[in-house]
Every structure is written in structure tokens, then in C-alpha cells.
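Residue strings, one per chain:
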Amino acid sequence: MLVGSAIAPVQLEIFIDPQCPHVAELESADGDQIAAGISDGRLAVTYRPLTFLDDRKHTDVSARISNALFLAADPATSPTAYQAFVQALYRNQTGPDNADIASMARESGLPGAVADRIAAGDYAVDTAAVNGANRDRLKEENPENPGTPTVYDLNTKTVVDIQDSDWLDKLLA
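Residues numbered from 1 in each chain as written. Predicted model: local features only at pLDDT ≥ 70, side-chain atom pairs only at ≥ 80, totals over all residues. Heavy atoms only, no water.

Novice: Would you explain the pairing of strand β3 (residues 43-49) in this entry?
Specialist: A regular strand carries its side chains on alternate faces of the sheet. Counting buried residues in β3 gives seven out of seven residues, a clear majority hidden from the surface. Neither face of β3 is left uncovered, since the one carrying Leu 43, Val 45, Tyr 47 and Pro 49 and the one carrying Ala 44, Thr 46 and Arg 48 both have all their residues buried. Both strand β2 (residues 10-16) and β3 contribute to a ladder of seven bridges, which runs parallel. Bridge pairing in β3 places Ile 14 opposite Tyr 47. (Buried < 20%, exposed > 50% of the residue type's maximum accessible area, 1.4 Å probe, protein only. Helix = DSSP H or I, 4+ residues; strand = E, 2+ residues; numbered from the N terminus. Pairing = 2+ DSSP bridges.)

Novice: Explanation requested: the sheet that holds β2 in the structure shown.
Specialist: Hydrogen bonds between backbone groups are what pair the strands of a sheet, and the pairing can be parallel or antiparallel. Spatially, the five strands line up as an open sheet ordered β1-β3-β2-β4-β5, and their pairing is mixed. Either end of the sheet is taken by a strand with one partner, and the two such strands are β1 (2-3) and β5 (158-159). Running over the sheet, helix α1 (residues 21-39) touches β1, β2, β3 and β4 (150-153) and is turned about 145° from β3. (Contact = heavy atoms within 4.5 Å. Axes fitted to C-alpha atoms, helices over the stretch in contact; angles between N-to-C directions.)

Novice: I keep staring at the packing of aromatic side chains and nothing clicks. Help me out?
Specialist: Both the distance between ring centres and the angle between the ring planes are used here to describe each pair of aromatic rings. Under the criterion given, the structure shown has zero aromatic pairs. The cationic tip of Arg 135 hangs over the ring face of Phe 52; the distance from NZ or CZ to the ring centre is 5.2 Å. (Phe/Tyr/Trp six-rings, centres within 6.5 Å; stacked < 30°, edge-to-face > 60°. Lys NZ or Arg CZ within 6 Å of the ring centre and 35° of its normal.)

Novice: What is the right way to read the side chain of Ser 66 from this model?
Specialist: Take Ser 66: it is sitting in helix α3 (residues 61-72). On the accessibility criterion, Ser 66 (2% relative accessible area) is buried. Reaching out from Ser 66, the side chain makes a polar contact with the backbone oxygen of Ser 62 at a distance of 2.8 Å. Not counting the four nearest positions on each side in its chain, Ser 66 is found in contact with Pro 18, Pro 49, Leu 50, Thr 51 and Thr 127. (Polar contact = N/O pair within 3.5 Å; in protein donor to acceptor, adjacent residues only side chain to side chain.)

Novice: Quick question: what am I supposed to make of the packing of α3 against helix α6 (residues 112-120) here?
Specialist: Angle between the axes and distance between the axes: these two values describe a pair of packed helices. Interaxial distance between α3 and α6 falls to 9 Å at its minimum, and their mutual angle equals 155°. With respect to each other, α3 and α6 are oriented roughly antiparallel. The hand of the α3/α6 crossing is right-handed. Between α3 and α6, the residues in contact are Ala 68, Leu 71 and Ala 72 and Val 114, Arg 117 and Ile 118, respectively. Residues belonging to the contact of α3 with α6 are distributed by class as follows: five nonpolar, no polar and one charged. (Parallel < 35°, antiparallel > 145°, perpendicular 65-115°, else oblique. Left-handed = near helix turned anticlockwise from the far one by under 90°. Nonpolar A, V, L, I, M, F, W, Y, C, P; charged D, E, K, R; others polar.)

Now the structure itself:
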């Protein structure tokens, strides 16, 4: 799901699992700056959800949230609202049900019709197929450490060192 302009000068892919605490840390530390970069047209992010933690935790939380993220990628959803939704999901990693996810969608500014589809549990994608495709892509782009979060710079075709606290400042400069 591309969030932001396809012609933004900085183009990133971010591999995520909705239950990953490390992705939650990334969104907590850098989510506002990601949102600002998207809002001002300097940054576009393609979120690539994975659902591998569902198997480990014996849940379907990652699959349901990943599906909700695809439902949220509706033409009526603004990039700013989409990023706010991503951030809300990671602030509330409590295994939310569809009604909780829909509530976060509404509070983030997603259109009511989109939030209603999330609440109803509508399907936008085959999350197992998405997980497989994104897992393969992740292994191509980061074969040494194919985990989440992985941030990949599409311009330089390199994995970004997000341990550097200024990583996003450097990219957006």
C-alpha cells in the first residue's frame, strides 16, 4: 500500500507485522516524522505487511489488521489519515477485534464507509498470499536479517539503518 505521492523524492518500503513490538517502537519514535514527510510530499511509504506472528502467537490478529490496512487503502482515504491509522494500530497492540480496529480507523480520519467495512470484517486481500509475497520480497531485499521492521530505500536499493536515530532526517534532507 503506497502512502503518499508516487513522485515523492524519498520512496521507502517498510516491512511490518502488526503484532511486532519493534515496529511499534519504530512508529512511536518516527511515525510523526513519517507522517510529516508524507504530508509535505517529500516521502512516500509502501507498507508491506507480514503475518508470521499469527502462527507464533496462535492468533489471526496480524491477518485481520493487515486486511484492515488494505481496506483503508481506499481512494477516499487521505495519506495523512492512513498514516494516522497505522500509528494508532501500533499504539494499541492489544489484539483488537474488528470493532476496535474500525474505531481506530474512524478516530484516524478514515471515511466512515471504510471503517464500516473494517468493522464488518470484509476481506480486501488473501492475507496468506500477501504474507508469502512480502516475505519473499523481504528475503530479496534483506537476506541477512529478514525481520520486521525492515526499511528499504527504493532509490538507493539499500536497507536503511534505523538504529541510527537520524536515519529519517538524513533521507529527507
